[in-house]
Amino acid sequence: MRKIVDKSMLGRAWVLAYEDEDNQKLSHNLVNKILASRGISGDDEIKRFLNPSIKEYMPNPSVLTDMDSGARIIADHIIAGNKIAIYGDYDVDGITSTAIFVKYLRSIGCDVIWHLPTREGEGYGLNMAAVDYIADSGAQLIITVDCGISGAAEVAHARSRGMDVVVTDHHSPDAVLPDAAAVINPKRADDTSGLSYMAGVGVAFLTLVAVNRELKSRATDPVIHNALEKINLLNYMDLVALGTICDTMPLIGLNRAFVVTGLKVMGMRHNMGLGVLMDVAAIKKPSVYAAGFAIGPRLNAAGRLDSAGPALDLLLTDNPLIAHDLATRLHKMNQERIDIQNAIMLRASEMAEEYCSAGRCSLFVCGENWHGGVMGIIAGRLKDKYNLPSCVATKSDGVINGSGRSIPGVDLGRIIHDALAAGIISEGGGHAAAAGFSLPATEEAAFAEFLERGVAAQLNGQIPRCEIMVDAEMDAGGANMKIIKELSAIGPFGQGNPEPVLVLHGATLRYAAPMGGGAHLRGSVHTSAGTQLAFVGFNLVGTPVGDFLLDDANANTKITMLGRLKENEYNGRVTAQFFLEDIAV
């Protein structure tokens, strides 16, 4: 690694992630250089990465521990005609996991019910009241999706009520697994599948593949047999991709194949509700960005403010009138969520400034009676701003409930799991990038200290440095549509496979002006090739970068730019545009 800039205008070091030994070997191929920086090299490995397909990456589901027994148990109940309950979660991963299971079971004529807990009333995971409700409804099998791994007591209760339980989950397990008929989770200590990076919906999908295979080998009922012949599991890929993206799972390996295929299926609009929601959100072309920042928030809004039921109903309906009504409701709920979030964000930011002044490795803020549905979003915003693992919580009636978001190198889910084992928190779970937790208000200080110690241990006591990893350097004159097309082959971009961060040399500031209500910038630079390159800079007004670029006295100054190169479509014309994040002079 080599430092390009020691200290930028935003006070950060720019570090080149990879440089080949002679600095020339890969210089002719920007894509290969970026892939090398991400540990992908060699013709076969590069070819496989650039052409991800389900066929290429799909494993035999049996590689997951307990998968075969779980598939057999589910198939037994289907063939016997028993009522089956799907128990999910209120976020997009849980909603999409529930949707694919319910759609599959309905398509083969099963008697299926579902339950999504409420965020504020029931909280995450299995609960006794819901288990009793499911048992009273006559269900003989509960399949958990995106939850259940921490529900040992609830699973035992379900079994005492005469029900089988098959757990499918991707969250970190406790020391003792639930005594379920099968526990399918790639994070099990005895699981050797290497699929621990999957979302809950990915685990659910592989379970459906195994169930489908089991039924085809056993089903003698002509109704089930004919239904199986009509099912194409790839049609569920849009929902698998959506859950994977929105749960910020790394877009590597099988996840990458899921998302590439899923975005194509999303564009075909097989799922009526999802298609209508895309129309309401004005999405013309599916993308990781559209899924994560337009579709996902609208589906999440229902569970954040009340019940996730309307979001699931939307994904399950085949009625266009119902779909339009539900999509419109979710759109309005999302706007309400934004208003609530913005109000809380102001106070949380003030508290964060004071907290971070102590030079900590982590960030924890807690407010009185904040809406619990937006804690995770605000934690993510603070994490991005301070480059620290951040937890945000609300305190009410002597109980604290919160969510956390982490940075690369810190497994927040593990810290929350350890806090639960240590008795610091009463409930909690998650994965490396995100986690949720509950604790008595009396343990607030103890939790903050436990979080700090856990993060510091994983970072070896070092406060995360203000460094930006750069994928490649290039001359601004070469920033054009040809390069954008080449870079697009590395996509889809997201967690684990971010958009390439580029440093452009040879740029001279032409002009800059505020836009978007005054918070953002737009402008252009002259390049060494004699061309002009447009740029936009979001939330840069009021920062040293914004102050410099907006000062007319700095026109015609040579600058080095850091950011991402993307295409911009305006009035039917597509041009190259640089998304500016920082500069050095």
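Residues numbered from 1 in each chain as written. Predicted model: local features only at pLDDT ≥ 70, side-chain atom pairs only at ≥ 80, totals over all residues. Heavy atoms only, no water.

It is worth spelling out helix α10 (residues 237–246) at this point. For an α-helix, 3.6 residues make a turn, and residues three or four places apart therefore share a direction. The buried count for α10 comes to ten of ten residues, which makes it a mostly enclosed element. For α10, every residue scored as buried is listed here: M237, D238, L239, V240, A241, L242, G243, T244, I245 and C246. Once α10 finishes, T248 follows within two positions and takes phi at roughly 50°, a positive value. (Buried < 20%, exposed > 50% of the residue type's maximum accessible area, 1.4 Å probe, protein only. Helix = DSSP H or I, 4+ residues; strand = E, 2+ residues; numbered from the N terminus.)

Attention now goes to the layout of surface pockets. Its volume calculated, the second largest pocket comes out at about 430 Å³. For the second largest pocket, the lining is made up of 23 residues, of which Q532, L533, A534, T575 and A576 are closest to its centre. Only β15 (502–515), β16 (520–527), β17 (532–537) and β19 (573–584) provide two or more residues apiece to the lining of the second largest pocket. It is β17 that provides the largest number of residues to the lining of the second largest pocket, a total of five residues. In the lining of the second largest pocket, the residues fall into ten nonpolar, ten polar and three charged. (1 Å grid on protein atoms, 1.4 Å probe; cavity = no way out; pocket = protein on both sides within 12 Å on 5 of 7 lines; lining within 4 Å. Points joined across faces, edges and corners; volume = space filled by probe spheres on them. Nonpolar A, V, L, I, M, F, W, Y, C, P; charged D, E, K, R; others polar.)

Tallied over the entire structure, the rule returns one cavity of 30 Å³ or more. Approximately 40 Å³ is the volume attributed to the largest cavity. As for the largest cavity, its lining consists of S150, S172, D174, G413, H417, G428, G429 and G430. Elements with a minimum of two residues in the lining of the largest cavity: α17 (412–421) and β11 (427–430).

Right, let's get into the pattern of salt bridges. Scanning all chains against the criterion turns up 21 salt bridges. Salt-bridge contacts for E350 lead to R347; the nearest nitrogen and oxygen are separated by 3.2 Å. Of this pair, E350 and R347 are both found in helix α15 (residues 320–356), three residues apart, which corresponds to roughly one turn of the helix. Using a relative accessible area of 48% as the deciding quantity, one classes E350 as partly exposed. By relative accessible area, which is 43% here, R347 ends up partly exposed. As a salt-bridge pair, E368 and K395 come within 3.9 Å of each other at their nearest N and O atoms. Placement of the pair is E368 in strand β8 (residues 363–368) and K395 in strand β9 (residues 390–396), with a sequence separation of 27 residues. Residue E368 is classed as exposed on the basis of its relative accessible area of 53%. (Salt bridge = Lys/Arg side-chain N within 4 Å of Asp/Glu carboxyl O.)

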